[in-house]
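# Remarks on the overall topology
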Amino acid sequence: MARSFQTASQSMPTPSADEIRAIMIEMGKFGPDDELNCGACGYDTCRAHAVAILRGLAEDEMCLPYTIERLKKTVQKLDLSNTKLASTQQALVQAEKLASMGQLRPALRMKGEQSSRRRPALRPPPARILCRGLTSIEGLSMVVEQADRCKEDRVWTAQFCPPEQGVLLPTKIADLVESSLRSVVAPAGIEVVVEHQDPAALADLDADQIRQVLTNLLTNAMAAMPAGGRLTVRTAFSDEQVLFAVGDTGVGIPK
């Protein structure tokens, strides 16, 4: 009886220098300074770990510094994605608001014009006190006027035009204050006083933007007088400036 044998080496081939370098780069080790040789992966050196990866005996996740750095980058990407998503959601909400304004404005204007045409002519009303409200015809006219202003505001906002790029046109200050007062409804018990240094004065300004500022100030002043009081609007002028002053006798702002 006899038995014969022949050589069949099962040793794994040694990876080439280029293959090892490619694995090292994938693990974020671009040079000798990046090779910590910390042993956290179970291998004595980073190169020994790379060789084991090439032979299918290890995974790159076994390198602790590499895994931590990859997790850090993943967190940064997620944070950036969340920021972009929040920005996109905000833009969508703004777009929906602008679209709603675009649909609302024609409807308001049409209803206001139709109601004005259908309403019979009225006798001229007596002198009107602003804090007592508007007549029906004046109210309908204000609806049409404010609907047109909504259109202008929507276009301005859609173009992302900063305030300093507004359109400056000669504007009668007294008329601007009057239209701002008409856009808010003064509750009962609030007396409105208007004082102009020069009722005929003109100034170059963006009427829509200033009207919005005045409307906000007037609304806040009225809200500060739940029990009634006096709302005062004053205007003054110099060669270079126009002063708008809105005052109230309300509760004020707590210290």
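Residues numbered from 1 in each chain as written. Predicted model: local features only at pLDDT ≥ 70, side-chain atom pairs only at ≥ 80, totals over all residues. Heavy atoms only, no water.

Here we come to the overall build of the protein. A count of helices and strands for the protein gives 6 helices and 5 strands. Starting at the N terminus, the α and β elements of the protein follow one another as α-α-α-α-β-α-β-β-α-β-β. Taking all 255 residues of the protein together, the buried fraction comes to 25%. When contacts within the protein are restricted to residue pairs at least 6 apart in sequence, long-range pairs at least 24 apart make up 69% of them. (Helix = DSSP H or I, 4+ residues; strand = E, 2+ residues; numbered from the N terminus. Buried < 20%, exposed > 50% of the residue type's maximum accessible area, 1.4 Å probe, protein only. Contact = heavy atoms within 4.5 Å.)

The subject of this paragraph is the packing of helix 1 (residues 17-26) against helix 2 (residues 46-54). At a minimum axis distance of 9 Å, the contact between helix 1 and helix 2 shows a crossing angle of 105°. The orientation of helix 1 with respect to helix 2, classified from their angle, is roughly perpendicular. Mapping the contact onto sequence places Glu19, Ile20, Ile23 and Met24 in helix 1 and Cys46, Arg47, Ala50, Val51, Ile53 and Leu54 in helix 2. Per-class residue counts for the contact of helix 1 with helix 2 are 8 nonpolar, no polar and 2 charged. (Axes fitted to C-alpha atoms, helices over the stretch in contact; angles between N-to-C directions. Parallel < 35°, antiparallel > 145°, perpendicular 65-115°, else oblique. Nonpolar A, V, L, I, M, F, W, Y, C, P; charged D, E, K, R; others polar.)

Under the counting rule described, the total for this entry stands at 5 salt bridges. A salt bridge links Glu195 to Arg234; the shortest N-O distance between them is 2.8 Å. Highlighted residues: Glu195 in strand 2 (residues 190-196) and Arg234 in strand 4 (residues 229-237), separated in sequence by 39 residues. For Arg234, a relative accessible area of 41% gives the class partly exposed. One salt bridge in this structure joins Arg211 and Asp208, with 2.8 Å as the shortest N-O distance. Residue Arg211 and its partner Asp208 are both found in helix 6 (residues 207-223); the two are separated by 3 residues, about one turn of the helix. (Salt bridge = Lys/Arg side-chain N within 4 Å of Asp/Glu carboxyl O.)

Our focus in this paragraph is helix 1. Buried residues of helix 1: Ile20, Ile23 and Met24, and no others. Projected onto a plane normal to the axis of helix 1, the buried residues spread over an arc of 100° and lie on a single side. Opposite the packed face of helix 1, turned more than 90 degrees from it, sit the exposed residues Asp18 and Glu26. Residues of helix 1 that are buried in the fold lie against helix 2. Two residues or fewer after helix 1 comes Gly28, characterised by a positive phi angle close to 80°. (Arc of directions from axis to C-beta.)

For helix 2, the set of buried residues is Cys46, His49, Ala50, Val51, Ala52 and Ile53. Against the buried residues of helix 2 lie helix 1.

A few words now on the nonpolar core. One finds Val177, Leu181, Leu205, Leu218, Met222 and Leu231 to be the most contacted residues of the largest nonpolar core, which totals 18 residues. Residue assignment for this core shows that the elements contributing at least two residues are helix 5 (173-182), strand 2, strand 3 (202-205), helix 6 and strand 4. The biggest single contributor to this core is helix 6, with 5 residues. Excluding residues within four positions of it along the chain, Val177 makes contact with Val194, His196, Leu214, Val233, Thr235 and Phe244. (Core = buried A, V, L, I, M, F, W, Y, C linked by side-chain atoms within 4.5 Å.)

Our next topic: the sheet that holds strand 5 (residues 242-248). Spatially, 2-4-5 is the arrangement adopted by the 3 strands of the open sheet, whose pairing is mixed. At either margin of the open sheet sits one strand with a lone partner, and together these are strand 2 and strand 5. The sheet shows a mean angle of 10° between the axes of neighbouring strands, taken without regard to direction. Two strands pair when backbone bridges link them, and strand 2 and strand 4 are joined in this way by 7 bridges, in the parallel orientation. (Pairing = 2+ DSSP bridges.)

Now for unusual backbone geometry. With a phi angle near 50°, Asn37 is a residue other than glycine that sits in the positive phi range. Assignment of secondary structure puts Asn37 in the loop between helix 1 and helix 2.

So, on to the confidence of the model for the protein. Chain-level statistics for the protein give a pLDDT mean of 80 and a share of 73% at 70 or above. Here residues 124-132 is a poorly scored stretch, pLDDT under 50, and it has 14 contacts once near neighbours within four places are set aside; other chains count. (pLDDT = per-residue confidence, 0-100.)

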